[in-house]
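Geometric and topological summary
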Amino acid sequence: GWQKAKASILSGDYFLVVSNPLGALTSRVARITVNPPPVVITASEPPDGLVGTPFFFAFQAQNAVSPLAWSVGDGKLPGGLALDAAGRLAGTPAEAGNFNFTINVRDAAGAGAQRKLTLRVVKRPLINRQPADTSAPAGKNAEFSVEAAGTAPLAYQWLFQNVPLPAATENKLSLAKVASIQGGDYSVVIANAFGAVTSRVARVKVTASEVHIVYTE
């Protein structure tokens, strides 16, 4: 009986001979062409990249005849990353965002495949403007602010003398009618899912309140 064989072995010409005691008859030749299975890019989706952190991912293909040649088609890779002909995507991402591109592969037999991908590059929080020292007379208001960038959402937590302040979770901190006990060191921790950063220490100096002398006749 027939044995299991590779697809390429089954390709070829077939004919049938029918016979009986009075003679034989041969059919026309019928040709069977077994096409090889298509090339398939089998690698999973690349993991998220992180700005400033080395990145490496190797693409793979199935049913392909080596050597393979890989390339990027439509779209754009993140700045700092490059794809070599062996299918290795590597480098240090320099920008955050979602990057859509098409990956192409072609094998030694001329067969190929392509696949659309999205690579997300995220960014740890980065402080663009630090909180500044300030001063205010007792009974007046004082305010700090900070400017930061990074993959959203960003979470803020202000601290006074390294102790978290309740409900102080915005990029601005307002102190109403400051008293002398509120003078001291303030800082803010900014975090997202990929890291955290702490600001410089900013100091509030509470000065004596102004004294107004009123003369009456």
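Residue numbering note: each chain is counted from 1, following its sequence as written. Local features are withheld for residues below a pLDDT of 70 in this predicted model, meaning they are given only at 70 or higher, and side-chain atom pairs are given and counted only at 80 or more; totals for whole chains, interfaces and linings count all residues. Working from all heavy atoms in the structure, the side-chain values ignore hydrogens and water.

Two strands are counted as paired when DSSP detects at least two bridges linking them. Each helix corresponds to a stretch of at least 4 residues labelled H or I by DSSP, and each strand to a stretch of at least 2 residues labelled E; elements are numbered beginning at the N terminus. What the 3 strands build is an open sheet, ordered S7-S11-S10; its pairing is antiparallel. Of all strands in the sheet, those with a lone pairing partner are strand S7 (55-58) and strand S10 (81-83), marking the two edges. Strand-to-strand twist of the sheet, defined as the mean angle between neighbouring strand axes without regard to direction, takes the value 15°. Two strands pair when backbone bridges link them, and S10 and strand S11 (residues 88-91) are joined in this way by 3 bridges, in the antiparallel orientation. Note on S11: the bridge partner recorded for Leu-81 is Gly-91. Axes here mean lines fitted to C-alpha atoms, for a helix over just the part in contact, with angles spanning 0 to 180 degrees between N-to-C directions.

Residue placement: Phe-56 occurs in strand S7. Exposure is judged per residue with a 1.4 Å probe applied to protein chains only, and the accessible area is read against the type maximum: over 50% gives exposed, under 20% gives buried, and values in between give partly exposed. Look at Phe-56 and you get exposed, because its relative accessible area is 53%. Taking the C-alpha atoms as reference points, Phe-56 and Gln-182, separated by 126 residues in sequence, lie 49 Å from one another. Throughout, a residue-residue contact means that at least one pair of heavy atoms, one from each residue, lies within 4.5 Å. Those residues in contact with Phe-56, other than ones at most four positions away along the chain, are Arg-88, Leu-89 and Ala-90.

Residues forming no salt bridge and having over 30% relative accessible area are the ones grouped into patches, like charges within 9 Å of each other and nonpolar side chains (Val, Leu, Ile, Met, Phe, Trp, Tyr) within 5 Å. Areas reported here follow the Shrake-Rupley algorithm with a probe of radius 1.4 Å; residue values treat only the protein chains shown as occluding. Basic side-chain nitrogens of Lys or Arg form a salt bridge, by our definition, when they fall within 4 Å of a carboxyl oxygen of Asp or Glu. A contiguous nonpolar patch, built from Phe-15, Val-17 and Val-29 and spanning about 290 Å² of accessible area, is present on the exposed surface. By the element assignment, Val-29 lies in the loop between strand S3 (23-26) and strand S4 (30-32). For Val-29, a relative accessible area of 45% translates into the label partly exposed.

This paragraph deals with the side chain of Thr-151. One can find Thr-151 in the loop between strand S17 (147-149) and strand S18 (155-160). Under the rule applied, a polar contact is a pair of N or O atoms within 3.5 Å (in protein, one hydrogen donor and one hydrogen acceptor; residues adjacent in sequence only if both atoms are side-chain atoms). Within the structure, the side chain of Thr-151 is placed 2.7 Å from the backbone nitrogen of Lys-123, a separation counted as a polar contact. Residues within four places of Thr-151 in sequence aside, it is in contact with Val-122, Lys-123, Asn-192 and Phe-194.

Here the protein chain averages 91 in pLDDT, and 92% of its residues register 70 or above. Scored from 0 to 100, pLDDT records how confident the predictor is in each individual residue. Contacts for the low-pLDDT stretch residues 1-7, under 50 throughout, to residues beyond four places or in other chains number 3 contacts.

So, about the sheet that holds strand S13 (residues 112-122). What the 4 strands build is an open sheet, ordered S6-S13-S12-S9; its pairing is mixed. The sheet terminates laterally at strand S6 (49-50) and strand S9 (69-75), the two strands that pair on one side only. Pairing analysis gives 5 bridges linking S9 to strand S12 (residues 97-106), with the strands arranged antiparallel. Considered in S12, the bridge of Ser-71 is made with Asn-104.

This next bit is on unusual backbone geometry. Following Ser-66, the chain continues into Pro-67 via a peptide bond in cis, with omega recorded as 0°. By the secondary structure assignment, Pro-67 is in the loop between strand S8 (61-62) and S9. Ala-152 connects to Pro-153 through a cis peptide bond whose omega is 0°. As for its position among the elements, Pro-153 is in the loop between S17 and S18. A positive phi is found at Gln-161, a non-glycine position, where the angle reads about 55°. Along the chain, Gln-161 turns up in the loop between S18 and strand S19 (163-164).

Glancing now at the side chain of Ser-145. Along the chain, Ser-145 turns up in strand S16 (residues 142-145). Here Arg-129 takes part through its side chain, which lies 2.9 Å from a polar atom of the side chain of Ser-145. Ignoring any residue separated from it by four or fewer positions in sequence, one finds Ser-145 in contact with Arg-129, Gln-130, Pro-131, Trp-158, Asn-171 and Lys-172.

To continue, consider the nonpolar core. Side-chain atoms within 4.5 Å are what join buried Ala, Val, Leu, Ile, Met, Phe, Trp, Tyr and Cys residues into a set we call a nonpolar core. Residues Phe-59, Trp-70, Leu-83, Leu-89, Ile-103 and Leu-119 are the most contacted members of the largest nonpolar core, which totals 20 residues. Among the elements of the structure, S7, S10, S12 and S13 are those that each provide at least two residues to this core. Aside from chain neighbours lying at most four places away, what touches Leu-89 is Phe-55, Phe-56, Phe-57, Phe-59, Leu-77, Leu-81, Ala-82, Leu-83 and Leu-119. In terms of nonpolar packing, the next biggest core, distinct from the first, is built from 17 residues, Tyr-156, Leu-173, Ile-190 and Ala-202 among them.

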